[in-house]
Amino acid sequence: LKSILDVMSEQGIGTGKLRMIGGGAKSGLWLEILASVFGRTLRTARHPGQSTSLGAALIAGVAVKAFSDYHEAARRVRFAGETAPNDAWSREYRIFHPYYASLYPVLKDSYRRLAELSAETAGSRIRA
């Protein structure tokens, strides 16, 4: 996820505030890890498991002119709180991230081949 955020920044795509939705947003530890990896504060949706449905409803609201535009619709989203990075963790992640970044391209093909092998042998495994 950090690599994706870095690529977006390199391409000049502003990420603004990072907002968390979905099941992972329900875990305080996961939020603290991500905030620390990104080195940024995360905002968590009030109802993270319902965020995709809310997004669809807001888009429909724009389509039927209940909202003048997406900015007006987005102002309806409520957040439960924020998770700040753990400074000590962030320092550690900054130290180790360049090593991860250098290993990923070298291992990428191996990961693909392992996934293919796993898919090929999935049917022949002994099931308990």
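Structure's up top.
Just so you know, these numbers come straight off a predicted model, no measurement behind them. (Residues numbered from 1 in each chain as written. Predicted model: local features only at pLDDT ≥ 70, side-chain atom pairs only at ≥ 80, totals over all residues. Heavy atoms only, no water.)

Visitor: Can you walk me through the pattern of salt bridges in this structure?
Guide: A full pass over the atoms with the stated rule returns five salt bridges. Between Glu-82 and Arg-43 there is a salt bridge, with its nearest N and O atoms 3.8 Å apart. Note that Glu-82 is positioned in strand 3 (residues 79–83) and Arg-43 in strand 2 (residues 42–45), a separation of 39 residues in sequence. Salt bridges sharing partners connect three or more residues here, namely Asp-109, Arg-112, Arg-113 and Glu-116. (Salt bridge = Lys/Arg side-chain N within 4 Å of Asp/Glu carboxyl O. Helix = DSSP H or I, 4+ residues; strand = E, 2+ residues; numbered from the N terminus.)

Visitor: Would you take a moment to explain the layout of surface pockets for this structure?
Guide: It is a probe the size of a water molecule, rolled over the atoms, that shows where empty space is left. When its volume is computed, the largest pocket comes out at roughly 170 Å³. Forming the boundary of the largest pocket are Arg-19, Arg-43, Gly-55, Leu-58, Ile-59, Tyr-70, Ala-73, Ala-74, Val-77 and Phe-79. Secondary-structure elements contributing two or more residues to the lining of the largest pocket are helix 3 (51–63) and helix 4 (70–74). Counted by class, the lining of the largest pocket contains seven nonpolar, one polar and two charged residues. (1 Å grid on protein atoms, 1.4 Å probe; cavity = no way out; pocket = protein on both sides within 12 Å on 5 of 7 lines; lining within 4 Å. Points joined across faces, edges and corners; volume = space filled by probe spheres on them. Nonpolar A, V, L, I, M, F, W, Y, C, P; charged D, E, K, R; others polar.)

Visitor: Honestly, unusual backbone geometry in this entry has me stumped. Any pointers?
Guide: Apart from glycine, the bulk of residues carry a negative phi angle, and the bulk of peptide bonds sit in the trans form. Non-glycine residue Lys-65 carries a positive phi angle of around 70 degrees. Owing to a relative accessible area of 70%, Lys-65 belongs among the exposed residues under this scheme. (Buried < 20%, exposed > 50% of the residue type's maximum accessible area, 1.4 Å probe, protein only.)

Visitor: For this particular structure, what's the right way to read the side chain of Ser-36?
Guide: Topologically, Ser-36 is positioned in helix 2 (residues 28–38). Judged by relative accessible area, Ser-36 falls into the buried class, the value being 2%. If near-sequence neighbours (up to four positions away) are discounted, Ser-36 is found in contact with Pro-85, Asn-86, Trp-89, Ser-90 and Tyr-93. (Contact = heavy atoms within 4.5 Å.)

Visitor: What is the right way to read the packing of aromatic side chains from this model?
Guide: The way to describe two aromatic rings as a pair is by their centre distance and the angle between their planes. Throughout the structure, instances matching the rule amount to two aromatic pairs. Seen in terms of ring centroids, Tyr-100 and Tyr-104 are 6.1 Å apart; in terms of plane orientation they differ by 35 degrees. Their pairing is tilted. Placement of the pair is Tyr-100 and Tyr-104 together in helix 5 (residues 87–121), with a separation of four residues, close to one helical turn. Given the relative accessible area of 37%, Tyr-104 is considered partly exposed. Considering the side-chain rings of Tyr-104 and Tyr-111, the 6.4 Å spacing of their centres and the 35 degrees angle between planes classify their relative orientation as tilted. Overall, the relative accessible area of 45% leaves Tyr-111 in the partly exposed class. Connected via pairs of aromatic rings, a cluster forms that spans Tyr-100, Tyr-104 and Tyr-111. Positioned over the ring face of Phe-79 is Arg-43, at 4.1 Å from the centre of the ring. (Phe/Tyr/Trp six-rings, centres within 6.5 Å; stacked < 30°, edge-to-face > 60°. Lys NZ or Arg CZ within 6 Å of the ring centre and 35° of its normal.)

Visitor: Got a minute to help me understand a positive patch on the surface in this structure?
Guide: Where like charges cluster on the molecular surface, the positive patch consists of Arg-46, Arg-75, Arg-76 and Arg-78. Tracing the backbone shows Arg-75 in the loop between helix 4 and strand 3. Given the relative accessible area of 56%, Arg-75 is considered exposed. (Patch = residues over 30% accessible without salt bridge, like charges linked within 9 Å, V, L, I, M, F, W, Y side chains within 5 Å. Areas by Shrake-Rupley, 256 points an atom, 1.4 Å probe, with all protein chains shown as cover. Lys, Arg positive; Asp, Glu negative; His and termini not counted. Charge placed at Lys NZ, Arg CZ, Asp CG, Glu CD.)

Visitor: Even after reading the chapter, I still don't get the pairing of strand 2, so can you show me in this structure?
Guide: As paired strands, strand 1 (residues 18–20) and strand 2 are joined by three bridges and run parallel to one another. Within strand 2, the residue paired with Arg-19 across the bridge is Arg-43. In this fold, the crossover linking strand 1 to strand 2 by way of helix 2 has right-handed handedness. Pairing analysis gives four bridges linking strand 2 to strand 3, with the strands arranged antiparallel. Counterpart to Leu-42 in the pairing with strand 3 is Thr-83. (Pairing = 2+ DSSP bridges. Right-handed = clockwise from strand over helix to strand, strands pointing away.)

By themselves these figures say nothing about function.
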